[in-house]
2 protein chains.
Amino acid sequence: MDPVVMGTSTMNLDERFLSFGFPFVRLSPVGGLSDDMKKWQTAKNKNSLVRKLELSDKGKGFIELLQQLTICDSVSDKDFEDRFKELSTRAENHQVFVIEARSGKIVATGSVFIERKFIRNCGKVGHIEDIVVDANARGMQLGKKIINALTDYAHSMGCYRVILDCSVENKAFYEKCGYKQKEIQMVKYFI
Amino acid sequence: MDPVVMGTSTMNLDERFLSFGFPFVRLSPVGGLSDDMKKWQTAKNKNSLVRKLELSDKGKGFIELLQQLTICDSVSDKDFEDRFKELSTRAENHQVFVIEARSGKIVATGSVFIERKFIRNCGKVGHIEDIVVDANARGMQLGKKIINALTDYAHSMGCYRVILDCSVENKAFYEKCGYKQKEIQMVKYFI
């Protein structure tokens, strides 16, 4: 059983997300692993966690990880704390998950927020955003672990569907996570 | 000047959205207009409004309008009120706009919610959802009015971009609204 599937647990969401560990992930035959990852590989007796973002994660490379995804200048401690607290006040509707390596470095993250609609009998939709796995930790299915956790969170919140936007190049990855292409994304930038 | 462009107004957002009218919209040469629309067409001396959704709009065909978009069973007054109040508590982050015809019927709607991120210097992104124009009111640029109003709202909230998902068939419409295709949308349904 995939340890991030939590449908039958009787724990509350916090307990579930903070406690479920997953076995050491299978390494891809692709090389290029950092020292951090090699240490993690050898720590097979300990589990790593998909967990909620914590305030201290800024000091564990969370912003640097996001910089691998897109434009993300360095964020001051004050700005990070303000945004963290802002999201915490609406935690039920907006979750940021991370995977922390044994080294203490954040190596994967993703977020989901819950949209409340009038359609579908006043239904809810989960929106997954900002998925990124550290370049040195790819091929270890960490992205899939994050996606599964975010998807399960949206499901547990009563969403009738979850959506995300991705590049054509990443389509196959999300198909392996159980997603199907439906529409196209349109964008307007102000800056 | 397009009256839904409000960037330089000194009014607060509520005042702006409740007060800006737009001139009577140009009719498409395409026929099929309902009596309601014909009345509206002749009422050129009065402006119609893009405004926020109100609780009383359920009695003005708001749900029936959404039923033209997707699955939307009839919603009880209680469920509608609960969802309306829920969204009202987070109005800054989630707006539903409507256009009401002179007849008192809601003929166009759309929503936008504001996502707060860590990337882009703790930036914000607007997500536009659930755009629909009454079948009898199409060809009058009401969809564009709604999109412009939602886009301007996101801009006024400090978003660095606005995104939406649409079918390939509707791509040209959104391009006319200033949007460009970027990625693809992936979906997972739970029901």
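Below is a short write-up of the structure. (Residues numbered from 1 in each chain as written. Chains lettered and ligands numbered in written order. Predicted model: local features only at pLDDT ≥ 70, side-chain atom pairs only at ≥ 80, totals over all residues. Heavy atoms only, no water.)

A few points about the overall build of chain A
When helices and strands are tallied, chain A shows 7 helices and 7 strands. For chain A, the N- to C-terminal ordering of α and β elements is α-β-α-β-α-α-β-β-α-β-α-β-α-β. Across chain A, contacts joining residues at least 24 apart in sequence account for 64% of those joining residues at least 6 apart. (Helix = DSSP H or I, 4+ residues; strand = E, 2+ residues; numbered from the N terminus. Contact = heavy atoms within 4.5 Å.)

Some details on the relation of the copies chain A and chain B
Superposition record for chain A on chain B: RMSD 0.0 Å, screw rotation 180 degrees, translation along axis 0.0 Å. Here the copies are linked by what is in effect a two-fold axis. Among all C-alpha atoms of chain A, that of A:Ile184 lies closest to the rotation axis, at 2.2 Å. Mapped onto chain B, 100% of the interface residues of chain A again fall at the interface, so both copies present the same surface. (Least-squares fit on C-alpha atoms with pLDDT ≥ 70 in both.)

What to know about the interface of chain A and chain B
Contacts between chain A and chain B engage 65 residues on the former and 65 residues on the latter. In total, chain A and chain B occlude about 6300 Å² of area from one another, counting both sides; carbon and sulfur atoms represent 58% of this. Connecting chain A to chain B are 6 salt bridges. B:Asp130 is the salt-bridge partner of A:Lys117, the closest N and O atoms lying 3.0 Å from each other. Here chain A is connected to chain B by 30 residue pairs in polar contact (both at pLDDT 80 or more). When residues of the side of chain A that touches chain B are assigned to their parent elements, the largest contribution, 10 residues, is made by strand β7 (residues 180-189) of chain A. Class assignment of the residues belonging to the side of chain A that touches chain B gives a composition of 31 nonpolar, 14 polar and 20 charged. Across 6 bridges, the pairing between strand β6 (residues 159-166) of chain A and strand β7 (residues 180-189) of chain B is antiparallel. Each bridged residue has a counterpart across the sheet, and for A:Val162 the counterpart in β7(B) is B:Lys188. (Buried area = accessible area lost by both parts, 1.4 Å probe. Salt bridge = Lys/Arg side-chain N within 4 Å of Asp/Glu carboxyl O. Polar contact = N/O pair within 3.5 Å; in protein donor to acceptor, adjacent residues only side chain to side chain. Nonpolar A, V, L, I, M, F, W, Y, C, P; charged D, E, K, R; others polar. Pairing = 2+ DSSP bridges.)

Details of the pattern of salt bridges
Residues and elements named next belong to chain A. Considering all chains together, one arrives at 30 salt bridges over all chains under this definition. Of the charged contacts in the structure, one is a salt bridge between glutamate 100 and lysine 60, with a shortest N-O distance of 3.3 Å. Of this pair, glutamate 100 sits in strand β3 (residues 94-100) while lysine 60 sits in the loop between β2 (48-52) and α3 (62-66), placing them 40 residues apart in sequence. Here the salt bridges do not stand alone but share partners, grouping Arg51, Glu54, Asp57, Lys60 and Glu100 into one network.

Focus on the packing of aromatic side chains
Summed over all chains, the structure comprises 14 aromatic pairs over all chains. Seen in terms of ring centroids, A:Phe113 and B:Phe113 are 5.2 Å apart; in terms of plane orientation they differ by 70 degrees. Their pairing is edge-to-face. Here B:Phe113 lies in strand β4 (residues 106-116) and A:Phe113 lies in strand β4 (residues 106-116), a pairing that spans two chains. Among the residues examined, A:Phe113 registers a relative accessible area of 5% and is labelled buried. An aromatic cluster is built from A:Phe62, A:Phe80, A:Phe84 and B:Phe118, whose rings are joined through pairwise contacts. (Phe/Tyr/Trp six-rings, centres within 6.5 Å; stacked < 30°, edge-to-face > 60°. Buried < 20%, exposed > 50% of the residue type's maximum accessible area, 1.4 Å probe, protein only.)

Topic: helix α6 (residues 142-156) of chain A
Helical geometry: 3.6 residues make up each α-helical turn, so side chains three or four residues apart lie on a common side. Residues and elements named next belong to chain A. Counted at 1.5 Å a residue, the expected span for α6 with its 15 residues is 21 Å, and the 21 Å between its end C-alpha atoms agrees. Counting buried residues along α6, 12 of its 15 residues qualify, which places the element largely inside the surrounding structure. Here α6 has its buried residues at Leu142, Gly143, Lys145, Ile146, Ile147, Asn148, Ala149, Leu150, Thr151, Asp152, Tyr153 and Ala154. Where α6 terminates, the next one or two residues include glycine 158, which has phi positive at roughly 90 degrees. (Expected span 1.5 Å × (residues − 1).)

Coordinates in, geometry out; function isn't part of it.
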